[in-house]
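Below are the chains, spelled out letter by letter.
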Amino acid sequence: MKIRARDLSALRIDRVEFASAGGVVRGLYYHTAEDREASCVVLCHGYSAAKHNVDPLAFYLAVEGWCAIAFDFLGHKLGASEGRLRTADDLVSNALDAVACARGLPGVARVVLGGHSMGAATAIGASVRDPGVAGVIAMCTALERSAGAADGPLAGGLSNRSQYVEGPAPSEITAVMDGHTALVGKIAPRPLLVIAASRDAIVAPSAVRELYDAAGEPKTFELVDATHTDCAERARFAIGKWLRFNDL
């Protein structure tokens, strides 16, 4: 039975940074002062966002007795990392280097990789490359998102949001992310949690469900009452339940 921290005086938030893909990635490490083994959940944010989008989830996980790293991808100007995102493939490099950073921290017993939207696709791709990742959490992502990014409202939104990103165009990033989500079946036999937001106007819950259907067992699907933007925070209880159920 996992011991929950609850006592917020034991909570610690430390800065972490590490070299990755020609730049320096920076983030925050949420944990407790207790010296004991725990799973570390590495959280990847979405396109044009930053670690602040997953910070509430990271804080919750630390309160509940896990630990977490929330970091900023290279090139995302809302964040604190140093360096341009040279190619979309560097997103996976950033995630894998964050996993390596987590493994080097005291008390980390295993690493779970999670993400939101672009970060979820990145988490899938990174976990396929690193079989040592113990489990994957994918929020608000789907198969073949590049088809919807070429025209219509989504294309306009991505074009505007690209002003927050120093690096490849949204079309390049979505195409590479589609390559990652297509590999979702390779996560098995590690546990996978797929989360959709009921009020998501960017990635429809039905599209998220198609991603879930393409995955192998063991897998879990959750539909939470959230928009695309606040899904990571509102999914925290579902994520905690899944981590406990899978003894992670």
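Each remark here, short or long, concerns the structure printed above.
Note that this is a predicted model, so its numbers are computed, not measured. (Residues numbered from 1 in each chain as written. Predicted model: local features only at pLDDT ≥ 70, side-chain atom pairs only at ≥ 80, totals over all residues. Heavy atoms only, no water.)

Trainee: Tell me about the overall build of the chain, and name the residues and values.
Mentor: A count of helical and extended segments in the chain gives nine helices and eight strands. When its C-alpha atoms are laid out on the principal axes, the chain stretches across 50 × 35 × 30 Å. Of the accessible surface of the chain, which amounts to about 10,200 Å², a share of 52% is contributed by carbon and sulfur atoms. In the chain, 25 positive and 28 negative side-chain charges are present, and the distance between their average locations comes to 3 Å. (Helix = DSSP H or I, 4+ residues; strand = E, 2+ residues; numbered from the N terminus. Areas by Shrake-Rupley, 256 points an atom, 1.4 Å probe, with all protein chains shown as cover. Lys, Arg positive; Asp, Glu negative; His and termini not counted. Charge placed at Lys NZ, Arg CZ, Asp CG, Glu CD.)

Trainee: Lay out empty space enclosed by the protein with the relevant residues and their values.
Mentor: Using the criterion set out here, one finds one cavity of 30 Å³ or more in the structure. Of the volumes computed, that of the largest cavity is approximately 150 Å³. Around the largest cavity sit 14 residues that line it, and Tyr47, Ser117, Met118, Arg145 and Thr174 are the ones nearest its centre. Here the element with the most residues in the lining of the largest cavity is helix α6 (residues 170–181); it accounts for four residues. Each residue belonging to the lining of the largest cavity can be placed in one class, and the counts come to eight nonpolar, four polar and two charged. (1 Å grid on protein atoms, 1.4 Å probe; cavity = no way out; pocket = protein on both sides within 12 Å on 5 of 7 lines; lining within 4 Å. Points joined across faces, edges and corners; volume = space filled by probe spheres on them. Nonpolar A, V, L, I, M, F, W, Y, C, P; charged D, E, K, R; others polar.)

Trainee: Please give an account of the packing of aromatic side chains that cites residues and values.
Mentor: Under the defined criterion, the tally for this structure stands at three aromatic pairs. Ring plane angle 75° and centroid distance 5.0 Å describe the contact between phenylalanine 71 and phenylalanine 73, whose orientation is recorded as edge-to-face. Here tyrosine 212 and phenylalanine 221 contribute two aromatic rings whose centre-to-centre distance is 5.5 Å and whose plane-to-plane angle is 55°, an arrangement assigned as tilted. The class of tyrosine 212 is buried, set by a relative accessible area of 12%. (Phe/Tyr/Trp six-rings, centres within 6.5 Å; stacked < 30°, edge-to-face > 60°. Buried < 20%, exposed > 50% of the residue type's maximum accessible area, 1.4 Å probe, protein only.)

Trainee: If you had to explain the packing of helix α3 (residues 118–129) against α6 to someone new, which residues and values would you point to?
Mentor: Between α3 and α6, the least distance of the axes is 8 Å, while the angle of their chain directions is 50°. With respect to α6, the axis of α3 lies oblique. Judged by the twist between their axes, the crossing of α3 over α6 is left-handed. Contacts between α3 and α6 involve Met118, Ala121, Thr122, Ile124, Gly125 and Arg129 from the first element and Ile173, Met177, His180 and Thr181 from the second. When the residues that make up the contact of α3 with α6 are grouped by side-chain class, the tally is five nonpolar, four polar and one charged. (Axes fitted to C-alpha atoms, helices over the stretch in contact; angles between N-to-C directions. Parallel < 35°, antiparallel > 145°, perpendicular 65-115°, else oblique. Left-handed = near helix turned anticlockwise from the far one by under 90°. Contact = heavy atoms within 4.5 Å.)

Trainee: Tell me what's going on with the side chain of serine 20, and back it up with residues and numbers.
Mentor: Residue placement: serine 20 occurs in strand β1 (residues 11–20). At 2.8 Å, the side chain of serine 20 and the side chain of asparagine 94 are in polar contact. Among residues more than four places away in sequence, those in contact with serine 20 are Val25, Leu74, Ser93, Asn94 and Asp97. (Polar contact = N/O pair within 3.5 Å; in protein donor to acceptor, adjacent residues only side chain to side chain.)

Trainee: Talk me through the nonpolar core; I want residue IDs and the actual numbers.
Mentor: Grouped together as the largest cluster of nonpolar side chains are 51 residues, with contacts concentrated most on Tyr29, Val42, Ile69, Phe71, Leu113 and Ile173. At seven residues, helix α2 (residues 89–103) tops the list of elements feeding residues into this core. With sequence-adjacent residues up to four places away left out, tyrosine 29 is seen in contact with Arg12, Ile13, Asp14, Val16, Cys40, Cys67, Ala68, Ile69, Leu105, Pro106 and Val108. With 32 residues, the next largest nonpolar core counts Tyr60, Trp66, Ala68 and Ala235 among its residues. (Core = buried A, V, L, I, M, F, W, Y, C linked by side-chain atoms within 4.5 Å.)

Trainee: I'd like to hear about the pattern of salt bridges, residue by residue, with values.
Mentor: Close approach of charged atoms allows side chains of opposite charge to pair. Using the criterion set out here, one finds 10 salt bridges in the structure. A salt bridge links glutamate 17 to arginine 26, with the nearest nitrogen and oxygen atoms 3.0 Å apart. Here glutamate 17 falls in the exposed class, since its relative accessible area comes to 51%. It is possible to trace a salt-bridge network through shared partners that takes in Glu17, Arg26 and Glu82. (Salt bridge = Lys/Arg side-chain N within 4 Å of Asp/Glu carboxyl O.)

Trainee: Before we move on, could you go through the pairing of strand β8 (residues 219–224) and cite the residues and values that matter?
Mentor: In terms of strand pairing, strand β7 (residues 192–197) meets β8 through six bridges, oriented parallel. Its bridge partner being in β8, valine 194 is matched across the sheet by phenylalanine 221. (Pairing = 2+ DSSP bridges.)

Trainee: I'd like a description of the sheet that holds β8, backed by residues and values.
Mentor: The strand order across the open sheet formed by eight strands is β1-β2-β4-β3-β5-β6-β7-β8, and the pairing between neighbours is mixed. The open sheet is flanked by β1 and β8, the only strands paired with a single partner. Direction aside, neighbouring strands of the sheet carry axes that sit 20° apart on average.

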